[in-house]
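# Topology and contacts: notes
The primary structure of each chain is shown beneath.
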Amino acid sequence: MASRDVSNVWTRLDAQEKQVIAQLSLESVNRYVKTVKELLEEALKAHQVKAGGYFSPLGHFRYLVRVQAVNKELERLRQALMTPSPLHIVMKRLELIRGLLCDILM
């Protein structure tokens, strides 16, 4: 991905995170999830162009493991809305997802 594309995606992601925190609802989380999935699709397209160097010792692409981890965390984020004090848990999940996305993109 070009650096300009990455900065545009991070800007959108920042806005979505702020919206989730400000308006803690399933709808805002679903919009956030959609943005993250778009980011992952773009990252996967970029990696497929240079896939030769990204095999793990077992013959698997390394980024696929991280994508599965991101998907699990997105699902946990949705589930966190049902806890008694979700804001703290939601913020923790958002930070974890951001870290996983950084691993994928960098």
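Just above, that's the structure.
Rules of the game
- Residues numbered from 1 in each chain as written.
- Predicted model: local features only at pLDDT ≥ 70, side-chain atom pairs only at ≥ 80, totals over all residues.
- Heavy atoms only, no water.
- Helix = DSSP H or I, 4+ residues; strand = E, 2+ residues; numbered from the N terminus.
- Buried < 20%, exposed > 50% of the residue type's maximum accessible area, 1.4 Å probe, protein only.
- Contact = heavy atoms within 4.5 Å.
- Areas by Shrake-Rupley, 256 points an atom, 1.4 Å probe, with all protein chains shown as cover.
- Core = buried A, V, L, I, M, F, W, Y, C linked by side-chain atoms within 4.5 Å.
- Salt bridge = Lys/Arg side-chain N within 4 Å of Asp/Glu carboxyl O.

Turning our eyes to something else, we now look at the overall build of the chain. Counting secondary structure elements, the chain contains four helices and zero strands. Counting helices and strands in the order they occur from the N terminus, the chain gives α-α-α-α. Counting all 106 residues of the chain, 33% fall into the buried class. The contacts in the chain between residues at least 6 apart in sequence include a share of 62% that link residues at least 24 apart. Just so you have it, the chain exposes about 6,800 Å², and 56% of that area is on carbon and sulfur atoms.

General note: in soluble globular proteins, nonpolar side chains tend to be found buried as a group. With 23 residues, the main nonpolar core has Tyr32, Val36, Val70 and Leu101 as its most contacted residues. When contributions to this core are tallied by element, the ones reaching two or more residues are α1 (3–22), α2 (26–49), α3 (62–80) and α4 (86–105). Setting aside chain neighbours within four positions, we find valine 70 in contact with Val36, Leu40, Leu100, Leu101 and Ile104.

This brings us to the pattern of salt bridges. In this structure the tally under the stated criterion is seven salt bridges. The salt bridge involving glutamate 27 is made with arginine 31; its shortest N-O contact spans 2.7 Å. Linking glutamate 27 with arginine 31, this pair stays in helix α2, spanning four residues, or about one helical turn. Judged by relative accessible area, which is 54%, glutamate 27 ranks as exposed. Ionic pairing is found between glutamate 75 and arginine 78, a salt bridge with its closest N-O pair at 3.8 Å. Here the residue glutamate 75 and the residue arginine 78 both occupy positions in helix α3, the gap between them amounting to three residues, near one helical turn. For glutamate 75, a relative accessible area of 37% gives the class partly exposed. Accessibility expressed as a relative area gives 25% for arginine 78, which makes it partly exposed.

Another point: the environment of arginine 98. Inspection of the secondary structure puts arginine 98 in helix α4. Assessed through its relative accessible area of 23%, arginine 98 is described here as partly exposed. In the structure, arginine 98 is positioned 62 residues away from valine 36 in sequence and 9.2 Å away in space, judged by C-alpha atoms. Setting aside chain neighbours within four positions, we find arginine 98 in contact with Trp10, Leu13, Asp14 and Glu17.

Don't take any of this as a statement about function, it's just geometry.
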